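Notes for the structure review
Chain residues, written in single-letter form:
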Amino acid sequence: MILTAASQVTPESTQQAVGYPSLFLLVFIGALVPVVPTGALVSSAAVVAFHQTDPFSLLFVFAVASFAAFLGDVVLYWLGRRGMHSRNGSRWLAAIRARAPEERLAQAQTKLADHGVLVLVLSRLVPAGRIPVMLACLMAEMPLRRFARGDVPACLAWAATYQVIGILGGSLFAEPWQGVVAAVVLTLVISGAPALWRRVRGQGGRDGRSDGQHA
């Protein structure tokens, strides 16, 4: 009986038993500490799910990723609100401020004033856009409940977007690992492109000012 039960535990079921909790934990941590490439994680999980026989694998990846992202956002926002109302602030609020440059924060505040919580959806889809918008919400004293309502569609759209990237990567290659590599590279390029563009634009602006000074 033990041998029969063991034979019924397929590698695919083992991957799911380990993969879904790992995905949840990593995306949750990535939402709290924005150094983990959570988009690449979701895309990679979608590639693996695409090659599995379970028809609900992709649905599970979507549900786990979006819920973990939402929970992480809400917890971080709650910690940020505690820091805003604390006399000495908090290390969580300090970390949020450190990752929100003044220019991005000003843009986020303007968009928040013009579009309200709808800007949360775009903040999740634009690389490095989540933290400045979250700080803008904190500075605007947005209640946690209102932030959570706006963050639901944001996390759903985010999970769906990176899952589609993973599905595309999985459909282009026969082997799952090839699709994972393609999905990770693509998501890293998408995530790094805005920062690279800002650096190039800033360098161009400094060079222009230097030329003007020497003229």
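Structural notes, computed from the coordinates.

Reading the values: rules and limits
- Residues numbered from 1 in each chain as written.
- Predicted model: local features only at pLDDT ≥ 70, side-chain atom pairs only at ≥ 80, totals over all residues.
- Heavy atoms only, no water.
- Phe/Tyr/Trp six-rings, centres within 6.5 Å; stacked < 30°, edge-to-face > 60°.
- Helix = DSSP H or I, 4+ residues; strand = E, 2+ residues; numbered from the N terminus.
- Buried < 20%, exposed > 50% of the residue type's maximum accessible area, 1.4 Å probe, protein only.
- Salt bridge = Lys/Arg side-chain N within 4 Å of Asp/Glu carboxyl O.
- Contact = heavy atoms within 4.5 Å.

1. As for the packing of aromatic side chains
The full count for this structure, using the stated rule, is 6 aromatic pairs. On the basis of an interplanar angle of 25 degrees and a centroid distance of 5.9 Å, the ring pair of F24 and F67 is categorised as stacked. Of this pair, F24 sits in helix 2 (residues 11–32) while F67 sits in helix 4 (residues 57–84), placing them 43 residues apart in sequence. The exposure class of F24 is partly exposed, given its relative accessible area of 26%. Residues F56 and F60 carry aromatic rings whose centres are separated by 6.4 Å and whose planes lie at 35 degrees to one another, so their mutual orientation is tilted. With a relative accessible area of 48%, F56 lands in the partly exposed category. The structure contains a cluster of three or more aromatic residues connected by ring pairs, namely Y20, F56 and F60.

2. Some thoughts on the pattern of salt bridges
Following the criterion strictly, the structure yields 2 salt bridges and no others. A salt bridge links D73 to R124, with the nearest nitrogen and oxygen atoms 2.9 Å apart. With a gap of 51 residues between them, D73 in helix 4 and R124 in helix 7 (residues 119–125) connect regions that are remote in the sequence. One network of salt bridges, with partners in common, ties together D73, R124 and R130.

3. Things to note about the environment of M139
Assignment of secondary structure puts M139 in helix 8 (residues 130–139). Note: C-alpha distance between M139 and R81 (58 residues apart in sequence) is 9.0 Å. Apart from residues lying up to four places away in sequence, M139 is in contact with M84, L105 and Q109.

4. Some thoughts on unusual backbone geometry
Backbone geometry places E141, a non-glycine residue, at a positive phi of 60 degrees. Its location among the elements puts E141 in the loop between helix 8 and helix 9 (144–172). On the basis of relative accessible area, E141 is assigned to the partly exposed category, the value being 42%.

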